[in-house]
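Reading the structure
Next come the chains, spelled out residue by residue.
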Amino acid sequence: MVVVPGKADLVLHKGLVLGHPGSDSVAISGGLITAHGPFAELKPLVGPRTHLIKLAGRAVAPGFIDSHLHFLQAAAAATGISVQRCRAVGDLLGDLRLAAGKTPPGNWLRAFGCDEALMLEKRGPTRAELDQSLPKNPLRLRHQTLHATWLNSRAIALLGLEAPGFTPPPGANMIRDAAGKLTGLVVGMETWLSNHLPPVTGAESESRARIMSRELAAAGVTTFTDATTRNGPVEVELFAKLADSGAICQRVGVMIGGNHLDAVDRCEQLARAARIGLAGVKFMPGYRYDSAVLARPVLHALERGLDCAFHATEIEELEEALGAIEAARAGFAGERAVPRFRIEHGGLINPGYIDRLMALGVWVVTNPGFIHFRGPKYTAEPGLVAHLYRARSLKAAGVHLVGATDAPVTPAKPLAAIAAAVSRTTLDGVELAPAEALPVQEAFALFTIDAARLARLEAGAIEPDRLADLIVLPRDPFSLKPADLMNLAVDITIVGGRVVYERGRPAIASSDSAELRSG
């Protein structure tokens, strides 16, 4: 036990302190962990203004750090129309019809969560099916990966996609049928579509953010990084406002897209004022240029001291990213240490790339939840399964590995992702590359201590002087089977020593002015 002078603000007592078998209590003061140990030894820290939370045998664990999600998109999905549960086109159309029945004619419907690879028919809805189901409302139905959209005819007309002389934005692919007519599926136009739909009001953004932040808190998330490539000054300013107003209760890191490098000064100023982190620059390799071309903006980011992240779900993207990293490192002449490189997803990593990743010191931000929630998509390609979302082989080679949910692509639930990293089992019970499974302690580290290192946060472990970002679980998570771990509830979430979520307690109670229950 380490004790510092003065009284604690908060003491969690008489439970299990994860990672410390001899401790049953944790003391917190000034937003930091001040001590852990037997409650009898921590009693001198309890004063008249100390709040006590009796654990009654429950487990205290570090809060989860989600190193890659899309907060605004997840907030829209959480408060809008979700069709993620649908596994048949008929069910999807039925859910959309129900939503349209509650929406005034002419108003846009925004839905999320279709993936043709997970549908029984192995296809998404046709334009004709959408028109028949939604004759009075324009529809934008986003693909579960966030990289494509289905539109009905009303939406296509309002957006002018079939107007004479319409020019798609660079990189867009507007799918057409054999007769040359738009099918309604458009790929690579997500930013363009978002900019051309009716804007979301400030009040609606704040309401969505509060709901999503509470959902994250209920899942035990105390810190997240938004890794959306469209992020620029406008989005950083929005995050700053949401964090400053308290609509987001987590610690926030925001990446900006590689096309916003000319606005780094403004983004840094906005982030600094709101005490949110600028987590680096996100690049999207895309086969349209070689690694040498991509290396130029990467080198510019390095010279500004920014970490560089690369979306890489396919081997071609990984190759392009690593080539750009090698070229940028060779050209970096700064006196300080080279900022960090991140491979986001690492969906496919052949054995030949593992030593290269290790040699470059690259961090891989993996998504073990994809194995569980999107597993049926991968079973159709058995030759790739051994290379999917590697974990054990990367750690064995010394590659830095952290975890993320990529919400809303998979649910924003780190416990579910941790369970998937342990079991490597799909929704329908199929094991995928079980040799890549991790022990539960290492799977937990993906979202705690390892993620804290990547984020440069003094968090992720229950030790004195670390941030008091903690969760309380009803049972010892290390003793549970993966199926039980996946469904384990979070009882309490604490950020900086403040309770931001307590299961069964109204959201209004999770505020700066809320008094904690004593016990």
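Residues numbered from 1 in each chain as written. Predicted model: local features only at pLDDT ≥ 70, side-chain atom pairs only at ≥ 80, totals over all residues. Heavy atoms only, no water.

A few words now on the pattern of salt bridges. Side-chain pairing between opposite charges can occur once the charged atoms of the two side chains come close. The full count for this structure, using the stated rule, is 23 salt bridges. Where Asp469 meets Arg251, a salt bridge forms, and the shortest distance between an N and an O atom there is 2.6 Å. You can see Asp469 sitting in the loop between helix H18 (449-455) and strand S21 (470-473) and its partner Arg251 sitting in strand S15 (residues 251-257), a full 218 residues away along the chain. Residue Asp469 is classed as buried on the basis of its relative accessible area of 4%. Given a relative accessible area of 26%, Arg251 falls into the partly exposed group. A salt bridge links Arg356 to Glu326; the nearest nitrogen and oxygen atoms lie 2.8 Å apart. Taken together, the residues span a long stretch of sequence, with Arg356 in helix H12 (residues 351-360) and Glu326 in helix H11 (residues 315-331) at a distance of 30 residues. (Salt bridge = Lys/Arg side-chain N within 4 Å of Asp/Glu carboxyl O. Helix = DSSP H or I, 4+ residues; strand = E, 2+ residues; numbered from the N terminus. Buried < 20%, exposed > 50% of the residue type's maximum accessible area, 1.4 Å probe, protein only.)

Turning next to the pairing of S15. Counting buried residues in S15 gives six out of seven residues, a clear majority hidden from the surface. Inspection of the sheet shows strand S14 (residues 221-226) paired to S15 by four bridges, in the parallel sense. Across the sheet, Phe224 pairs through a bridge with Val252, a residue of S15. Relative to strand S16 (residues 277-283), S15 is paired through five bridges, and the arrangement is parallel. Bridge pairing in S16 places Gly253 opposite Gly277. Crossover handedness for the path S15 to helix H9 (residues 264-274) to S16: right-handed. (Pairing = 2+ DSSP bridges. Right-handed = clockwise from strand over helix to strand, strands pointing away.)

Enumeration over the complete set of coordinates arrives at one cavity of 30 Å³ or more. Empty space within the largest cavity amounts to approximately 30 Å³. Lining the largest cavity, in full, are Thr366, Pro368, Tyr389, Ala391, Ala421, Arg424, Glu436, Leu438 and Leu446. (1 Å grid on protein atoms, 1.4 Å probe; cavity = no way out; pocket = protein on both sides within 12 Å on 5 of 7 lines; lining within 4 Å. Points joined across faces, edges and corners; volume = space filled by probe spheres on them.)

Okay, the packing of aromatic side chains next. Under the defined criterion, the tally for this structure stands at eight aromatic pairs. A centroid spacing of 5.6 Å and a plane angle of 55° characterise the contact between Phe64 and Phe444, whose relative ring orientation is tilted. With Phe64 in strand S7 (residues 64-69) and Phe444 in helix H17 (residues 440-446), this pair connects stretches of sequence that are 380 residues apart. Here Phe64 matches Phe444 in class, with each residue buried. On the numbers, 5.1 Å between centres and 0° between planes, the contact of Phe71 with Phe224 is stacked. A residue pair is termed long-range when its members are at least 10 positions apart, and Phe71 in helix H2 (residues 71-79) and Phe224 in strand S14 qualify at 153 residues. Exposure remark for Phe224: the relative accessible area of 0% places this residue in the buried category. (Phe/Tyr/Trp six-rings, centres within 6.5 Å; stacked < 30°, edge-to-face > 60°.)

Moving on: the sheet that holds strand S22 (residues 492-495). With mixed pairing, five strands are arranged side by side in an open sheet as S2-S6-S21-S22-S23. A single partner strand is all that each edge strand has here, and the edge strands are strand S2 (16-17) and strand S23 (498-502). Across the sheet, helix H7 (residues 202-218) is in contact with S22 and S23; its angle to S23 comes to roughly 90°. (Contact = heavy atoms within 4.5 Å. Axes fitted to C-alpha atoms, helices over the stretch in contact; angles between N-to-C directions.)

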